[in-house]
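Spelled out from the first residue to the last, the chains are:
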Amino acid sequence: MHPPVDDSPIDALDRAARWLAAARSVAVLTGAGVSAESGLATFRAADGLWEGHRVEDVATPEAFERDPALVWNFYNARRASIAAAGPNAGHLALAALENHFGSDRFALITQNVDGLHAAAGSRHILELHGNLRTVRCTGCGIVTDRGVEALPELPRCDACGELLRPAVVWFHEPLPEDVWYEASMAVRDCNCFLVVGTSAVVYPAAGLIERARAWDARVIEINLAATEASHRADLSLFGPSGQILPELVRQLESKPGERSE
Ligand code: OAD
């Protein structure tokens, strides 16, 4: 554990860049906030409701069993919104950060299902909650990539005719084991852990923050405001990730070869 740091915003950014410059390996956890500047709604903003439903109530296997059309309407609306969205400066800065360290020393762990990290050029991406572009058959289990193609309210499998579901992880479902394992290893191995645009309330993803601390990584939070991650972070940089991340990468790149502090 590290003692908490209390800096001015400029000093804090400089300190964060120094920690990154001194790191051998970096891991990042992103949430919906990193895509907010691409025009995609976060989950817990404003009233946090989608047509009167909490996301926790439309993103469960029980909801899908009860009312698959309601759940598909929610996911079709999300698929339509990503069709119109592109990566923002925050996504691009994270891709640049990967280029700086190399993909074997950098992992981008995301709770997002929008695919915008890949669109920005990131390569070592671990999608904890799956991807909106893919669907899975509830009958034969086949997973297919349907891109952002508009799907009917109750889409059916081409192979067996059974109902398709979004191939994303819902509440009450386990994370994909291989992805979770790789994310845990990346967090264990990193010296610096960035927590970007997440409210850090959904587990097990948010548990990676404690793991990073337990493995003695510097934890740097980037968010508009304080979150559940803040008291577990060594440093919080408050502001839009589309502004802070590019500035952080710019400062890192102005500190070539630094390996101290
Ligand atoms: P949330 O909606 O809970 O949190 C979004 C966070 O982003 C908040 O802390 C905002 O303050 C912050 N934020 C908003 N705009 C930002 C910006 N421009 N720059 C930086 N930060 C900004 O989203 P997640 O934490 O991603 O799970 O939610 C976690 C999971 O809960 C999601 O993956 C999803 C959801 O329900 C499932 O569907 C299983």
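First, a word on what this report is: a plain description of the structure on this page. Please read these numbers as outputs of a predicted model, since none were measured by experiment.

**Quick notes on the site of the ligand**
- In the vicinity of the ligand, 23 residues are found, and the nearest of them are Phe-43, Arg-44, Thr-198, Ser-199 and Asn-223.
- His-129 places a polar side-chain atom, nitrogen or oxygen, 2.9 Å from an oxygen atom of the ligand.
- Between the ligand and Asn-223, the relevant distance is 2.6 Å, taken from an oxygen atom to a side-chain nitrogen or oxygen of the residue.
- In isolation the ligand has 800 Å² of accessible area, and contact with the protein removes 91% of it.
- When its residues are assigned to classes, the shell around the ligand shows 9 nonpolar, 12 polar and 2 charged.

**Some details on the sheet that holds strand β11 (residues 235-238)**
- Taken together, 6 strands build an open sheet; the order of strands is β5-β4-β1-β9-β10-β11 and the sheet is parallel. For this open sheet the edge positions go to β5 (125-127) and β11, each flanked by a neighbour on one side alone. Between one strand and the next, the sheet's axes are offset by a mean angle of 20°, whatever the strand orientation.
- By the bridge criterion, 4 bridges tie strand β10 (residues 218-223) to β11 in an arrangement that is parallel. Of the residues in β11, the one forming a bridge with Glu-221 is Ser-236.
- Here helix α1 (residues 9-22) sits on the sheet and contacts β1 (26-30), β9 (192-196), β10 and β11; the angle it forms with β11, its principal contact strand, is near 125°.
- Packed onto the sheet, helix α8 (residues 207-214) meets β1, β4 (106-110), β9 and β10 and runs at close to 160° relative to β9.

**Some thoughts on the pairing of β4**
- With respect to burial, β4 is a largely interior element, 5 of its 5 residues being buried.
- Alternating residues of β4 divide into Phe-106, Leu-108 and Thr-110 and Ala-107 and Ile-109, and every residue in both groups is buried.
- The pairing of β1 with β4 spans 5 bridges and is classified as parallel. Within β4, the position partnered with Val-26 by the bridge is Phe-106.

**Digging into the packing of α1 against helix α9 (residues 241-253)**
- Put simply, α1 and α9 touch, their axes get as near as 9 Å, and they point 60° apart. Viewed along their axes, α1 and α9 adopt a mutual orientation that is oblique. In this structure, the crossing between α1 and α9 has a hand that is right-handed. Residue-level contacts link Leu-13, Asp-14, Ala-16, Ala-17, Leu-20 and Ala-21 of α1 to Ile-244, Glu-247, Leu-248, Gln-251 and Leu-252 of α9.
- Looking at the contact of α1 with α9 residue by residue, the class counts come to 8 nonpolar, 1 polar and 2 charged.

**Focus on the packing of aromatic side chains**
- Under the defined criterion, the tally for this structure stands at 3 aromatic pairs.
- Here the aromatic rings of Phe-74 and Tyr-75 are separated by 4.9 Å at their centres, their planes lie at 80°, and the arrangement is edge-to-face.
- According to the relative accessible area criterion, Phe-74 is buried, its value standing at 5%.

**Things to note about the side chain of Asn-112**
- In this fold, Asn-112 is placed in the loop between β4 and α6 (116-120).
- Of the polar contacts made by the side chain of Asn-112, one reaches the backbone oxygen of Gly-31; its length is 3.0 Å.
- Apart from the residues within four sequence positions on either side, Asn-112 is in contact with Thr-30, Gly-31, Ala-32, Val-34, Ser-35, His-117 and Gly-130.

**Considerations on the packing of helix α5 (residues 89-101) against α9**
- Interaxial distance between α5 and α9 falls to 7 Å at its minimum, and their mutual angle equals 25°. It follows from the interaxial angle that α5 and α9 lie roughly parallel. Two packed elements cross with a definite hand, and for α5 against α9 that hand is left-handed. The segment α5 lies against α9, with Ala-89, Gly-90, Ala-93, Leu-94, Ala-96, Leu-97, His-100 and Phe-101 engaging Ser-241, Gly-242, Leu-245, Pro-246, Val-249, Leu-252 and Glu-253.
- By residue class, the composition of the contact of α5 with α9 is 10 nonpolar, 4 polar and 1 charged.

**Thoughts on the side chain of Arg-78**
- One can find Arg-78 in helix α4 (residues 68-83).
- Buried within the structure, Arg-78 lacks any salt-bridge partner; its nearest side chain of opposite charge belongs to Asp-114, at an N-O separation of 6.9 Å.
- Other than its neighbours up to four places away in sequence, Arg-78 contacts Phe-43, Val-113 and Leu-132.

**A word on the sheet that holds strand β6 (residues 130-137)**
- Taken together, 3 strands build an open sheet; the order of strands is β7-β6-β8 and the sheet is antiparallel. Each edge of the open sheet carries a strand with a single partner, namely β7 (143-145) and β8 (164-168). Strand after strand, the sheet turns through a mean of 40° between neighbouring axes, direction not considered.
- Running at roughly 135° to β6, α4 makes contact with β6 and β8 of the sheet.

The rules behind each value
Residues numbered from 1 in each chain as written. Predicted model: local features only at pLDDT ≥ 70, side-chain atom pairs only at ≥ 80, totals over all residues. Heavy atoms only, no water. Near = heavy atom within 4 Å. Polar contact = N/O pair within 3.5 Å; in protein donor to acceptor, adjacent residues only side chain to side chain. Areas by Shrake-Rupley, 256 points an atom, 1.4 Å probe, with all protein chains shown as cover. Nonpolar A, V, L, I, M, F, W, Y, C, P; charged D, E, K, R; others polar. Pairing = 2+ DSSP bridges. Helix = DSSP H or I, 4+ residues; strand = E, 2+ residues; numbered from the N terminus. Axes fitted to C-alpha atoms, helices over the stretch in contact; angles between N-to-C directions. Contact = heavy atoms within 4.5 Å. Buried < 20%, exposed > 50% of the residue type's maximum accessible area, 1.4 Å probe, protein only. Parallel < 35°, antiparallel > 145°, perpendicular 65-115°, else oblique. Left-handed = near helix turned anticlockwise from the far one by under 90°. Phe/Tyr/Trp six-rings, centres within 6.5 Å; stacked < 30°, edge-to-face > 60°. Lys, Arg positive; Asp, Glu negative; His and termini not counted. Salt bridge = Lys/Arg side-chain N within 4 Å of Asp/Glu carboxyl O.

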